[in-house]
There are 2 protein chains.
Amino acid sequence: MVSTARSTFRAPAELDLAEIDPRGRPVGPKDKSAAAEAMADLATVLDGRQEALYAEAVGGGTRSVLLVLQGMDTSGKGGVIRHVAGLVNPQGLTISSFKKPTAEERAHHFLWRVRPKVPAPGQIGVFDRSHYEDVLIARVDSLVPEDVWRGRYAEITAFESELAAQGVAIVKCMLHISPEEQAERLLARLDDPAKVWKYNTADLDSRAKWPAYQQAYTDAVRETDSGTAPWYVVPSDRKWYRNWAIASILAETLTEIDPRFPPATVDVETERARIRASVVA
Amino acid sequence: MVSTARSTFRAPAELDLAEIDPRGRPVGPKDKSAAAEAMADLATVLDGRQEALYAEAVGGGTRSVLLVLQGMDTSGKGGVIRHVAGLVNPQGLTISSFKKPTAEERAHHFLWRVRPKVPAPGQIGVFDRSHYEDVLIARVDSLVPEDVWRGRYAEITAFESELAAQGVAIVKCMLHISPEEQAERLLARLDDPAKVWKYNTADLDSRAKWPAYQQAYTDAVRETDSGTAPWYVVPSDRKWYRNWAIASILAETLTEIDPRFPPATVDVETERARIRASVVA
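- The name given to chain A in an unreviewed UniProt entry is Polyphosphate kinase 2 family protein, with Pseudonocardia petroleophila as the source organism.

## What to know about the sheet that holds strand β4 (residues 168-176) of chain B
Residues and elements named next belong to chain B.
At step 1: Spatially, β2-β3-β1-β4-β5 is the arrangement adopted by the five strands of the open sheet, whose pairing is parallel. In this open sheet, the two edge strands, each paired with only one partner strand, are β2 (93-97) and β5 (231-235). When the angles between neighbouring strand axes are averaged without regard to direction, this sheet yields 20°.
At step 2: Of the strand pairs in this sheet, β2 and strand β3 (residues 124-128) are connected by five bridges, and their pairing is parallel. The residue bridging Leu93 from the neighbouring strand is Ile124, located in β3.
At step 3: Relative to β4, helix α6 (residues 146-165) is tilted by about 135°, and along the sheet it contacts β1 (64-71) and β4.
At step 4: This element, helix α10 (residues 239-257), spans β1, β3, β4 and β5 of the sheet and lies at about 165° to β4.

## Let's talk about unusual backbone geometry
All names here are of chain B.
At step 1: For Ser142, which is not glycine, the phi dihedral falls at a positive 50°.
At step 2: Along the chain, Ser142 falls in the loop between α5 (137-140) and α6.
At step 3: Under the relative-accessibility criterion, Ser142 is labelled exposed at 58%.
At step 4: Unusually for a residue other than glycine, Asp258 sits at a positive phi of about 50°.

## Some points on the layout of surface pockets
Residue and element names in this part refer to chain B.
At step 1: There is about 270 Å³ of room inside the second largest pocket.
At step 2: In terms of lining residues, the second largest pocket is bounded by 16 residues, among which Ala169, Ile170, Gly227, Thr228 and Glu256 are the most central.
At step 3: Elements with a contribution of two residues or more to the lining of the second largest pocket: β4 and α10.
At step 4: The biggest single contributor to the lining of the second largest pocket is β4, with four residues.
At step 5: Residue composition of the lining of the second largest pocket, by class: eight nonpolar, four polar and four charged.

## Observations concerning the interface of chain A and chain B
At step 1: In this assembly, 49 residues from chain A lie in contact with 49 residues from chain B.
At step 2: Between chain A and chain B, a total of about 4200 Å² is buried, with carbon and sulfur atoms accounting for 64% of that surface.
At step 3: Between chain A and chain B we count six salt bridges in total.
At step 4: Two residues, Arg82(A) and Asp47(B), come together in a salt bridge whose shortest N-O distance is 2.5 Å.
At step 5: The tally of links between chain A and chain B comes to 14 residue pairs in polar contact (both at pLDDT 80 or more).
At step 6: Mapped onto the side of chain A that touches chain B, the elements with two or more residues apiece are α2 (32-58), α3 (77-83), β2 (93-97), α7 (179-191), α8 (202-208), α9 (210-224) and α11 (268-277) of chain A.
At step 7: Looking at the side of chain A that touches chain B, its residues break down into 30 nonpolar, seven polar and 12 charged.

## Quick notes on the relation of the copies chain A and chain B
At step 1: Structural alignment of chain A on chain B gives an RMSD of 0.0 Å, achieved by rotating through 180° and translating 0.0 Å along the axis. Expressed as a symmetry operation, the mapping of one chain copy onto the other fits a two-fold axis.
At step 2: Interface overlap between copies: 100% of the residues of chain A at the interface are likewise at the interface in chain B, consistent with a symmetric, same-surface contact.

## Side note on the nonpolar core
Residue and element names in this part refer to chain B.
At step 1: Membership of the largest hydrophobic core comes to 37 residues, with the highest contact counts inside it found for Tyr132, Leu163 and Tyr217.
At step 2: Going through the elements one at a time, β1, α5, α6, β4, α9 (210-224) and β5 are the ones with two or more residues in this core.
At step 3: Sort the elements by how many residues they give to this core and α9 lands first, with six residues.
At step 4: Ignoring sequence-local partners within four residues, the contact set of Tyr217 consists of Leu17, Gln70, Gly71, Met72, Leu136 and Met174.

## Quick look at the packing of α2(A) against helix α10 (residues 239-257) of chain A
Residues and elements named next belong to chain A.
At step 1: It is at 9 Å that the axes of α2 and α10 come closest, and there the two elements cross at 30°. As far as their axial angle goes, α10 and α2 are roughly parallel. Here α2 runs over α10; the crossing is left-handed. On α10, the residues that touch Lys32, Ala35, Ala38, Met39, Leu42, Val45, Leu46, Arg49 and Leu53 of α2 are Trp240, Asn243, Trp244, Ala247, Ser248, Leu250, Ala251, Leu254, Thr255 and Ile257.
At step 2: Here the contact of α2 with α10 is built from residues that sort into 14 nonpolar, three polar and two charged.

## Some points on the pattern of salt bridges
At step 1: Tallied over the entire structure, the rule returns 46 salt bridges over all chains.
At step 2: Residue Arg185(A) is joined to Glu181(A) by a salt bridge in which the shortest nitrogen-to-oxygen separation is 2.7 Å. A residue pair is termed a helical-turn pair when its members lie 3 or 4 positions apart in one helix, as Arg185(A) and Glu181(A) do in helix α7 at four residues.
At step 3: We classify Arg185(A) as buried; its relative accessible area is 8%.
At step 4: The residue Arg115(B) makes a salt bridge to Glu162(B) at a minimum N-O spacing of 2.8 Å.

## Thoughts on the environment of Ile249(B)
Residue and element names in this part refer to chain B.
At step 1: Mapped onto the elements of the fold, Ile249 is located in helix α10.
At step 2: Residue class for Ile249 comes out buried when judged on its relative accessible area of 0%.
At step 3: Those residues in contact with Ile249, other than ones at most four positions away along the chain, are Ala5, Arg6, Phe9, Val171, Cys173, Tyr232 and Val234.

## Quick notes on the packing of α7(A) against helix α11 (residues 268-277) of chain B
At step 1: With their axes 10 Å apart at the nearest point, α7(A) and α11(B) run at an angle of 175° to one another. In this view, α7(A) runs roughly antiparallel relative to α11(B), as classed from their interaxial angle. Every residue of α11(B) that contacts α7(A) at Ala183(A), Leu186(A), Leu187(A), Leu190(A) and Asp191(A) is listed here: Val268(B), Glu271(B), Arg272(B), Ile275(B) and Arg276(B).

## A look at the UniProt feature "domain: Polyphosphate kinase-2-related" (unreviewed entry) in chain A
At step 1: Look at the UniProt record and you will see "domain: Polyphosphate kinase-2-related" (unreviewed entry) annotated at residues 35-256 of chain A.
At step 2: A distance of 22 Å separates the end C-alpha atoms of residues 35-256 of chain A, which is 50% helix and 14% strand.

## Things to note about a positive patch on the surface
Residue and element names in this part refer to chain A.
At step 1: Taken together, the side chains of Lys32, Lys195, Lys198 and Lys239 present a region of like positive charge at the surface.
At step 2: Considering the arrangement of structural elements, one finds Lys198 in the loop between α7 and α8.
At step 3: By relative accessible area, Lys198 is classed as partly exposed at 33%.

Rules of the game
- Residues numbered from 1 in each chain as written.
- Chains lettered and ligands numbered in written order.
- Predicted model: local features only at pLDDT ≥ 70, side-chain atom pairs only at ≥ 80, totals over all residues.
- Heavy atoms only, no water.
- Pairing = 2+ DSSP bridges.
- Helix = DSSP H or I, 4+ residues; strand = E, 2+ residues; numbered from the N terminus.
- Axes fitted to C-alpha atoms, helices over the stretch in contact; angles between N-to-C directions.
- Contact = heavy atoms within 4.5 Å.
- Buried < 20%, exposed > 50% of the residue type's maximum accessible area, 1.4 Å probe, protein only.
- 1 Å grid on protein atoms, 1.4 Å probe; cavity = no way out; pocket = protein on both sides within 12 Å on 5 of 7 lines; lining within 4 Å.
- Points joined across faces, edges and corners; volume = space filled by probe spheres on them.
- Nonpolar A, V, L, I, M, F, W, Y, C, P; charged D, E, K, R; others polar.
- Buried area = accessible area lost by both parts, 1.4 Å probe.
- Salt bridge = Lys/Arg side-chain N within 4 Å of Asp/Glu carboxyl O.
- Polar contact = N/O pair within 3.5 Å; in protein donor to acceptor, adjacent residues only side chain to side chain.
- Least-squares fit on C-alpha atoms with pLDDT ≥ 70 in both.
- Core = buried A, V, L, I, M, F, W, Y, C linked by side-chain atoms within 4.5 Å.
- Parallel < 35°, antiparallel > 145°, perpendicular 65-115°, else oblique.
- Left-handed = near helix turned anticlockwise from the far one by under 90°.
- UniProt positions renumbered as here; feature names shortened; annotations may be inferred.
- Patch = residues over 30% accessible without salt bridge, like charges linked within 9 Å, V, L, I, M, F, W, Y side chains within 5 Å.
- Areas by Shrake-Rupley, 256 points an atom, 1.4 Å probe, with all protein chains shown as cover.
- Lys, Arg positive; Asp, Glu negative; His and termini not counted.
- Charge placed at Lys NZ, Arg CZ, Asp CG, Glu CD.

Right under this line is the structure:
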């Protein structure tokens, strides 16, 4: 599997979000039906590679995958969990949602609530929001002084290096949508009785600070992108394209780490004979 | 949705496992392709009802679903997680595997490790093995004295009543396979390099105690079956039938509890106007 999606969507060193079209389709399927076909193939890759990752850990392996999802409200973090993470066996999947910190969480270091959610060996962990909120909303809403949030870039980099060293393959995706698309999606939530529960008036407060958030995302990506903890900026105005892109990035990552089914630890012939000899009353 | 699967597979009061054919297909699809068609419909029901359950909890609801999976080795607990639980959005799914208790777990009451895994409101929780191990292997291998494991039936019943009272819809499935089918599946694991990691020599030890386990299952089901915590005995020699049966039981349960999307808590017209008025620089 060539790493077309990873090389296409990897954040450039001098990221400028204004230069990345949220409706762009720079590579891959050009329409929804082509994407559906591609997703069927990606499902096979993801499911197979995840099974091997899980098995590898049963055999003593220490590797795992962490998919970090960040993006403005309605950008589709939940959709990616449903349509991309939903392609693999739930036994090997851990979803962690980081909401507004509780009083207890606020009393601790910002990584305190994150560390226990790092995926165990064999697991694909998905972070629905993450420690990046602590350099995004924390900065935009001045929840902490500037020197504090600025210092967090280095803390995050050190944390992610530590994870990489212990075998966590990190994939960070920023779901890049336009404010026009966000308005459409917010209106759509209001129109649908099965979606209106997702509507939160606070979303409009974040929306009003769009430029500040874009700046915060840009700096966060620039300051924390690395070879072992890369950022991808995923055009997300088209849901089917976003899902295809993230499924591809994940499949390419799993293909690269190439998890292996552990070899037999028993003597197969002996065990065959034992099974055949076992008579059950 | 009529409750055909639930009424068919519900354990009778005087359960006799010898009377239930593990290869039986008393209701529903008669072959694999008919089952695949039925599963596509069930996927729609499960996904839709689970979305409503999740939404209901966001709106303050307290209900959840707990699917307990028990069965001899190779009976297909993992297959049900993959093919049935895998049909719903992973965001609303919590899988808990109960393996051989650790030293710390053994030092506590047998329900100590189970309570924190009870599904939160809005979640479908799946127990891959469960507190029933404490009246199954604990009994067959004499890990505790008889008066202790016998006393656990009442403790389990009280625990499950408590869960039901707080809004947990409990569904307990015993995956019923024949010893002949188990032998085939153990041999198949040995034959496949992608499956041999699942082979565990301890499985043959349990296999050797088949009649004792069948007795332990029978008593556990008889002693703990109730209207709010029903047991289902699912013929599991055919994997596609087992998956269809459990998907159906789960779909019927979700349909009965009928989770509801919460109504809008905002004034929709006001919010529409706010969104339309919001201009992003």
